[in-house]
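# Examining the three-dimensional arrangement
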Amino acid sequence: MTDEDRPVDTSGYFLIDPYQRFIETEGVPIVEDYAVDCLTLPLEPWSRLGGLGAYVHLTGRGDFASCYVAEIPAGGQLNPERHLYDELIYVHQGRGTTTLELPGGDKHSFEWGPHSMFAIPLNAAHQLFNAAGSEPVRFDAITNLPIILNLFHNVDFVFDNSTVFSERFGEERYLRGEGKFLPVKPGRHQWETNFVPDLTTFALPEWEARGAGGRNITFALADSPMHCHISEFASGTYKKGHRHGAGAHIVLVSGHGYSLLWQEGQDPLNTVRVDWKVGTLFAPPEGPTYHQHFNTSTESARYFVRSGAGGGRYPLTQARIDGYKAMDLSVKEGGNQIEYGDENPGILPLFEAEMAKHGGKSTMREFLGRP
């Protein structure tokens, strides 16, 4: 449901959305679109957070996820804060430091840079600093603030709560960029940590089921119920079309290309197309909507995905459980994936033409078994 679809509350006590009311008091823009460029998105001063910022309501954000983009001026810092919702941060540019208050009261700081990703443990007191004197820091954050604030509808409870969730910090080394590999099966393997210094170089296991020699891993961050994973596919390739519910915020870490978005019965070549590059953030709309990703660059493309409620560790709802079971199962077998042999016949010719425009060559015929 988009904000435009929500009935207007004229009485003050009917169909109330505490989350929407709260962000309207924040004094920063609320951007609504299919996709945004996080590196160039206009931002405005944010008194509560500090620095500059804007909320981003993507078409497919769903009911459980909130997104914002923030900038820390050169040599500056954000305000100290703590909050009773999970937050997963991805750094687009700049270098800085995050200081966390540990369960025993001690402080721990870790440094990050472009393409770093980290989680703020639930309700941990923290502060972000720009470590550079000449370049601003810009990052985006996905949170589950909507479900938390709409559930409790008490801002002080969410932002001024002293409860300590010590189990959310995990092992001390998780804040140094280390982690633990938890084997499940391809496409479901987990890396348990709180911090990844550079997503462009992080080693990924193979995930052949999604096609074209792809790679993937799921992150278990700060024991959060939010979903988070990263996928990679090679130059000149594209992934199989697939569908799932709303909420998956996709940000491009490397490469450039496009994604096609369509619903059951629609022509994927004549619906919605999102052209992406490093820094693009988008979310397939509700439906569930089929989407298919195409890498037109001469390097491998990586995209990082976060959603607000329900991951492989804590699915939260039966719909999430069903979605994981059907994730890489053919639609012909009741699943959510379109196998290469069943895709629209115009998909490959379009991709080959797009590759030629960018001076590259498609390698998809070998994966599709076509001459």
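Use the structure listed above.
Description of the structure in this document. Please read these numbers as outputs of a predicted model, since none were measured by experiment.

## Some thoughts on the overall build of the protein chain
- Within the protein chain, the regular secondary structure consists of 6 helices and 24 strands.
- Relative to the globule expectation of 21 Å for 371 residues, the C-alpha radius of gyration of the protein chain, 20 Å, shows essentially globular dimensions.
- Dimensions of the protein chain, computed from C-alpha atoms along their principal axes, come out at roughly 65 × 50 × 40 Å.
- Out of the 371 residues belonging to the protein chain, those deemed buried represent 54%.
- Intrachain contacts of the protein chain at a sequence separation of at least 6 include 71% that bridge at least 24 residues.
- Within the protein chain, one finds 31 positive and 47 negative side-chain charges whose respective centroids are separated by 6 Å.

## Points about the side chain of aspartate 86
- Counting through the fold element by element, aspartate 86 comes out in the loop between β5 (66-72) and β6 (87-93).
- Within the structure, the side chain of aspartate 86 is placed 2.6 Å from the side chain of arginine 168, a separation counted as a polar contact.

## Describing the sheet that holds strand β12 (residues 180-182)
- Strand order in the open sheet made by the 8 strands is β2-β21-β18-β23-β16-β15-β13-β12, with mixed pairing throughout. In this open sheet, the two strands that pair with only one neighbour each are β2 (35-37) and β12. The mean inter-strand angle of the sheet, taken between neighbouring strand axes irrespective of direction, is 25°.

## A short note on the sheet that holds strand β10 (residues 126-130)
- Strand order in the open sheet made by the 3 strands is β8-β7-β10, with antiparallel pairing throughout. With partners counted over all chains shown, the strands left at the sheet margins are β8 (107-112) and β10, one partner each. Across this sheet, the average inter-strand angle for adjacent strands is 20°, counted without regard to direction.

## Details of the pattern of salt bridges
- This structure, assessed with the given rule, holds 23 salt bridges.
- We note a salt bridge from arginine 168 to aspartate 86, for which the minimum N-O separation is 2.6 Å. With arginine 168 in the loop between α3 (155-159) and β12 and aspartate 86 in the loop between β5 and β6, this residue pair connects regions lying 82 residues apart in the sequence.

## Things to note about the pairing of strand β11 (residues 137-143)
- Burial runs high along β11: 7 of the 7 residues are buried.
- Residues Val137, Phe139, Ala141 and Thr143 line one face of β11 and the alternating positions Arg138, Asp140 and Ile142 line the opposite face, and both faces are buried.
- Sheet topology note: the β5/β11 ladder contains 7 bridges and is antiparallel. Opposite tyrosine 68, over in β11, you have alanine 141 as the bridge partner.
- Note: β6 against β11, 6 bridges, orientation antiparallel. Within the sheet, the bridge partner assigned to glutamate 87 lies in β11 and is threonine 143.

## Comments concerning the packing of aromatic side chains
- Taken as a whole and judged by the stated rule, the model has 22 aromatic pairs.
- The interplanar angle of 80° and the centroid separation of 5.8 Å between the aromatic rings of tyrosine 85 and phenylalanine 159 together place this pair among those described as edge-to-face. Linking tyrosine 85 in the loop between β5 and β6 with phenylalanine 159 in helix α3, this pair joins segments that are 74 residues apart in sequence.
- Seen in terms of ring centroids, tryptophan 262 and tyrosine 290 are 5.6 Å apart; in terms of plane orientation they differ by 20°. Their pairing is stacked. Taken together, the residues tryptophan 262 in strand β19 (residues 257-262) and tyrosine 290 in strand β22 (residues 289-295) connect sequence positions 28 residues apart.

## Concerning the side chain of serine 116
- Structurally, serine 116 can be placed in the loop between β8 and β9 (117-120).
- In this structure serine 116 comes out as buried when scored by relative accessible area, which is 1%.
- From its side chain, serine 116 meets the backbone oxygen of proline 197 in a polar contact 2.5 Å long.
- What serine 116 contacts, discounting residues up to four positions off in sequence, is Ile89, Tyr90, Val91, Phe195, Val196, Pro197 and Asp198.

## Some thoughts on the environment of threonine 193
- Within the element layout of this structure, threonine 193 appears in strand β13 (residues 190-193).
- Measuring from C-alpha to C-alpha, the distance between threonine 193 and lysine 240 comes to 29 Å, with 47 residues separating the pair along the chain.
- Other than its neighbours up to four places away in sequence, threonine 193 contacts Tyr174, Glu178, Gly179, Ala220, Leu221 and Ala222.
- At a separation of 3.4 Å, a polar atom in the side chain of threonine 193 contacts the main-chain carbonyl oxygen of tyrosine 174.
- Side-chain polar atoms of threonine 193 contact the backbone oxygen of glutamate 178, separated by 2.6 Å.

## With respect to the environment of glycine 213
- Tracing the backbone shows glycine 213 in the loop between β14 (195-196) and β15 (215-221).
- Relative accessible area serves as the criterion here: at 32%, glycine 213 is assigned to the partly exposed category.
- Between the C-alpha atoms of glycine 213 and leucine 122, which are 91 residues apart in sequence, the distance is 36 Å.
- Those residues in contact with glycine 213 that lie beyond four places of it in its chain are Glu208 and Phe367.

## Looking at unusual backbone geometry
- A positive phi is found at alanine 222, a non-glycine position, where the angle reads about 50°.
- Residue alanine 222 is classed as buried on the basis of its relative accessible area, which comes to 4%.

The rules behind these values
Residues numbered from 1 in each chain as written. Predicted model: local features only at pLDDT ≥ 70, side-chain atom pairs only at ≥ 80, totals over all residues. Heavy atoms only, no water. Helix = DSSP H or I, 4+ residues; strand = E, 2+ residues; numbered from the N terminus. Rg over C-alpha atoms; globule rule 2.2 N^0.38 Å. Buried < 20%, exposed > 50% of the residue type's maximum accessible area, 1.4 Å probe, protein only. Contact = heavy atoms within 4.5 Å. Lys, Arg positive; Asp, Glu negative; His and termini not counted. Charge placed at Lys NZ, Arg CZ, Asp CG, Glu CD. Polar contact = N/O pair within 3.5 Å; in protein donor to acceptor, adjacent residues only side chain to side chain. Pairing = 2+ DSSP bridges. Axes fitted to C-alpha atoms, helices over the stretch in contact; angles between N-to-C directions. Salt bridge = Lys/Arg side-chain N within 4 Å of Asp/Glu carboxyl O. Phe/Tyr/Trp six-rings, centres within 6.5 Å; stacked < 30°, edge-to-face > 60°.

Function cannot be read off these values alone, since they describe shape.
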